[in-house]
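# Structural overview for review
Letter by letter, the chains look like this.
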Amino acid sequence: MSDDTTFDIIVIGLGPGGEDVAGTLAQGGLSVLALDHRLVGGECPYWGCVPSKMMIRAADALAEARRVPGLAGTVDAVTPDWSVVAQRVRDEATDDWDDTVAVERLEGKGVTFRRATGRIVGPGRVEADGTTYTARRGIVVNTGTTPAVPPVDGLETVPYWTNHELIEAKQLPASVVVLGGGAIGSELSQVMARFGTTVTVVEAAPRLVAAEEPESGDRLKEVFEAEGITVHVGVGADRVEKATLDEGAGGGEGVKVVLADGIEVVAERVVVATGRRADPAAVGLDTVGVASDARFAPVDDRCRVEGADGVWAIGDITGKGAFTHVSMYQAGIVARDVLGQEGPAADYEALPRVTFTDPEIGAVGLTEKQARDRYDSVQVGLTPLAETTRGWIHAKGNEGFIKVVADADRGVVVGATTMGPAGGEVMGALAVAVHAEVPLDTLRSMIYAYPTFHRGIEDAISRLE
């Protein structure tokens, strides 16, 4: 086989983790082929983390301006202008969805890049657009996920949006129905509402952000409704059909969403945010021992695909958490494993996550229910943020709480949620506590700066029972 089709490592999929591991291994002296038919960098910099947080930052600025009355004076008018946000996303975040800089960065590290769809066709062999490549040392899979579109009758008959179309939008619809109230659906719903869109959220689970503590979803629903967002929880969409908008809503063609309880909602657009799905078989993992119907690639604590010698997987496809920080964390583990370097194995007990709504929801480790399912003796302490000095000072926009979940037998925190302004930043202290298994006595005896939001951690711990 010719040299240009044989490499030490082949990386399929170049999200943040795939890009990182490819570059690291190339700089470590290995010949690396990187394959992806999409943009180098993946979902995060072009349609996920980075542009969406730019939008959230802009929406939060509008909300803060509206909080001036009663705190600092008066504001004559707050006039949202989506074009400012849309232009910043194009100019600063995505280069108008051009990955030239990312490709040059990757190739500058010595990686051979091919814009092609790669698929494993057997042990150590990958086919990409008609060419078969051989990997001497191994294959790394980082193919991510795609939006999971629910099987709602009629949905395929209307031009619905996913996060991609919304992130790329130069103009927002006047009204939308958002299917899904998880992190993505909740974040984007609040953004659109603060820019003047009439928003209805439909979530089949009993509450918003259902993977987090019940208090998070219940409080967020209250905040959304106070901001004019209509929220339906515990009920899914039964069918979608085309509709004509009333003249007061701008007229023209729209959509009607009929909920399972019979409620009908008419809007200009449907936005689908009902989660994401991985497809291990699409990348050929079934050819090296993974079940063809597997939802995720089964990996061990070194991210080696179980039963598939010489294959590693990182990122969303592993099912360990659909977060960029998980993918980057796993990339470091794989790079060390391939290069024969020492280092800790994967440990997801202190997995941090943030929903960037306002209030922001930071969480780490186990929820209360998960802890009670695992441990014999669980203690919980919760402090409403408004009861803390900093929360009282903050006044407007101080919705939230700090909740700590502990394994009483070991005397350590195993999970926590920090909901409020900068909730994700406050959570950092508790992430350290969970990861390092810091004794509760140590957390009780430390000094917490006053008056800060994080001082509420001290109060929450004092309320453990």
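According to its UniProt record, the protein has this under Sequence similarities (unreviewed entry): "Belongs to the class-I pyridine nucleotide-disulfide oxidoreductase family."

This part takes up the overall build of the protein. Secondary structure summary: the protein contains 14 helices and 21 strands in total. In terms of overall dimensions, the protein is globule-like: its C-alpha atoms have a radius of gyration of 24 Å, near the 23 Å expected for 465 residues. For the protein, the spread of C-alpha atoms along the principal axes amounts to about 75 × 65 × 40 Å. The buried share among the 465 residues of the protein stands at 51%. In the protein, the proportion of contacts linking residues at least 24 apart, taken out of those at least 6 apart, comes to 63%. Per element, the accessible surface of the protein, about 20400 Å² overall, is 49% carbon and sulfur.

Here we take up the layout of surface pockets. If you add up the space inside the second largest pocket, you get close to 280 Å³. As for the second largest pocket, its lining consists of 19 residues, and the residues nearest its centre are His 37, Arg 38, Thr 143, Ala 282 and Val 283. In terms of residue class, the lining of the second largest pocket is made up of seven nonpolar, eight polar and four charged.

Of note, Glu 360 is situated in strand β18 (residues 360-365). Polar side-chain contacts of Glu 360 include one of 3.5 Å to the backbone nitrogen of Gly 423. Apart from the residues within four sequence positions on either side, Glu 360 is in contact with Val 354, Thr 355, Thr 418, Met 419, Gly 420, Ala 422, Gly 423, Gly 424 and Glu 425.

Time to look at the packing of helix α3 (residues 49-66) against helix α7 (residues 183-194). In the contact formed by α3 and α7, the axes pass within 9 Å of each other and the chain directions differ by 50 degrees. By the criterion of interaxial angle, the relationship of α3 to α7 is oblique. Considering only the axes of α3 and α7, their crossing is left-handed. On the side of α3, the interface is formed by Lys 53, Met 55, Ile 56, Ala 59, Asp 60, Leu 62, Ala 63 and Arg 66, while α7 contributes Glu 187, Val 191 and Arg 194. Of the residues that constitute the contact of α3 with α7, the class distribution is six nonpolar, no polar and five charged.

Below, the discussion takes up the nonpolar core. As a rule of thumb, soluble globular proteins bury nonpolar side chains together. Counting residues in each nonpolar core, the largest one holds 65 residues, and the members touching the most others are Val 21, Val 32 and Trp 82. With 26 residues, the next largest nonpolar core counts Phe 7, Ile 139, Val 290 and Ala 297 among its residues.

So, about the pattern of salt bridges. Once the charged atoms of two side chains with opposite charge are near each other, the side chains can pair. In the structure shown here, the tally under the stated rule is 36 salt bridges. Salt-bridge contacts for Arg 194 lead to Asp 358; the nearest nitrogen and oxygen are separated by 2.9 Å. Placement of the pair is Arg 194 in helix α7 and Asp 358 in the loop between β17 (352-355) and β18, with a sequence separation of 164 residues. Assigned by exposure class, Arg 194 and Asp 358 land together as buried. The network of salt bridges with common partners includes Asp 60, Glu 64, Arg 67, Arg 194, Glu 227 and Asp 358.

Okay, the UniProt feature "binding site: NAD(+)" (unreviewed entry) in the protein next. The UniProt feature table records "binding site: NAD(+)" (unreviewed entry) at Gly 180, Gly 181, Gly 182, Ala 183, Ile 184, Gly 185, Ser 186, Glu 187, Glu 203 and Gly 275. Spanning 96 residues, the named residues form one tight spatial group whose C-alpha atoms are at most 13.6 Å apart. Checked against the lining of the largest cavity, the annotated residues just named reduce to Ile 184 and Gly 275. Its location among the elements puts Ser 186 in helix α7.

Within a sheet, neighbouring strands are paired by backbone hydrogen bonds and run either parallel or antiparallel to one another. Taken in spatial order, the five strands line up as β17-β18-β21-β20-β19 in an open sheet, and their pairing is antiparallel. Looking at strand neighbours, the two that pair on one side only are β17 and β19 (378-384), the edges of this open sheet. Averaged over all pairs of adjacent strands, the angle between strand axes in this sheet comes to 10 degrees, irrespective of strand direction. Along the sheet, helix α12 (residues 423-436) makes contact with β17, β18, β20 (401-407) and β21 (412-420), crossing β18 at roughly 10 degrees.

The next point concerns the environment of Ala 313. If you trace the backbone, Ala 313 turns up in strand β16 (residues 311-313). Classification of Ala 313 by relative accessible area gives buried; the value is 0%. Residues Ala 313 and Asp 218, 95 residues apart in the sequence, show an inter-C-alpha distance of 36 Å. Sequence-distant contacts of Ala 313, defined by excluding residues within four places in its chain, comprise Val 141, Ala 297, Val 299, Cys 303, Val 305 and Thr 318.

This paragraph deals with α12. The end-to-end C-alpha distance of α12, which contains 14 residues, comes to 20 Å, matching closely the 20 Å that a straight helix rising 1.5 Å per residue would cover. Along α12, the helix axis deviates most sharply at Ala 429, where the bend reaches about 35 degrees. Along α12, the residues that are buried comprise Gly 423, Gly 424, Val 426, Met 427, Leu 430, Ala 431, Ala 433 and Val 434. Those residues of α12 that are buried are in contact with β17, β18, β20, β21, α13 (440-445) and α14 (456-462).

Turning to the state of the cysteines, a few remarks are in order. Counting across every chain of the model gives one disulfide. Two residues share a disulfide in this structure: Cys 44 and Cys 49, whose sulfurs sit 2.5 Å from each other. Taking the torsion about the S-S bond as the criterion, the Cys 44 to Cys 49 disulfide, at about -135 degrees, is left-handed. Classification of Cys 44 by relative accessible area gives buried; the value is 12%.

Let us now look at unusual backbone geometry. Here the bond from Asp 358 into Pro 359 is cis, since omega is 10 degrees, no more than 30 degrees from zero. Looking at the element boundaries, Pro 359 is found in the loop between β17 and β18. The residue after Tyr 450, namely Pro 451, is reached through a cis peptide bond having omega -10 degrees. With respect to the secondary-structure elements, Pro 451 resides in the loop between α13 and α14. Its identity as a non-glycine residue notwithstanding, Asp 95 has a phi of 50 degrees, on the positive side. With respect to the secondary-structure elements, Asp 95 resides in the loop between α4 (82-93) and α5 (100-108). Residue Asp 96 is not a glycine yet carries a positive backbone phi of 55 degrees.

Rules used in this analysis
- Residues numbered from 1 in each chain as written.
- Predicted model: local features only at pLDDT ≥ 70, side-chain atom pairs only at ≥ 80, totals over all residues.
- Heavy atoms only, no water.
- UniProt positions renumbered as here; feature names shortened; annotations may be inferred.
- Helix = DSSP H or I, 4+ residues; strand = E, 2+ residues; numbered from the N terminus.
- Rg over C-alpha atoms; globule rule 2.2 N^0.38 Å.
- Buried < 20%, exposed > 50% of the residue type's maximum accessible area, 1.4 Å probe, protein only.
- Contact = heavy atoms within 4.5 Å.
- Areas by Shrake-Rupley, 256 points an atom, 1.4 Å probe, with all protein chains shown as cover.
- 1 Å grid on protein atoms, 1.4 Å probe; cavity = no way out; pocket = protein on both sides within 12 Å on 5 of 7 lines; lining within 4 Å.
- Points joined across faces, edges and corners; volume = space filled by probe spheres on them.
- Nonpolar A, V, L, I, M, F, W, Y, C, P; charged D, E, K, R; others polar.
- Polar contact = N/O pair within 3.5 Å; in protein donor to acceptor, adjacent residues only side chain to side chain.
- Axes fitted to C-alpha atoms, helices over the stretch in contact; angles between N-to-C directions.
- Parallel < 35°, antiparallel > 145°, perpendicular 65-115°, else oblique.
- Left-handed = near helix turned anticlockwise from the far one by under 90°.
- Core = buried A, V, L, I, M, F, W, Y, C linked by side-chain atoms within 4.5 Å.
- Salt bridge = Lys/Arg side-chain N within 4 Å of Asp/Glu carboxyl O.
- Pairing = 2+ DSSP bridges.
- Expected span 1.5 Å × (residues − 1).
- Bend = angle between axes of the 7 residues up to and from the residue.
- Disulfide = S-S within 2.5 Å.

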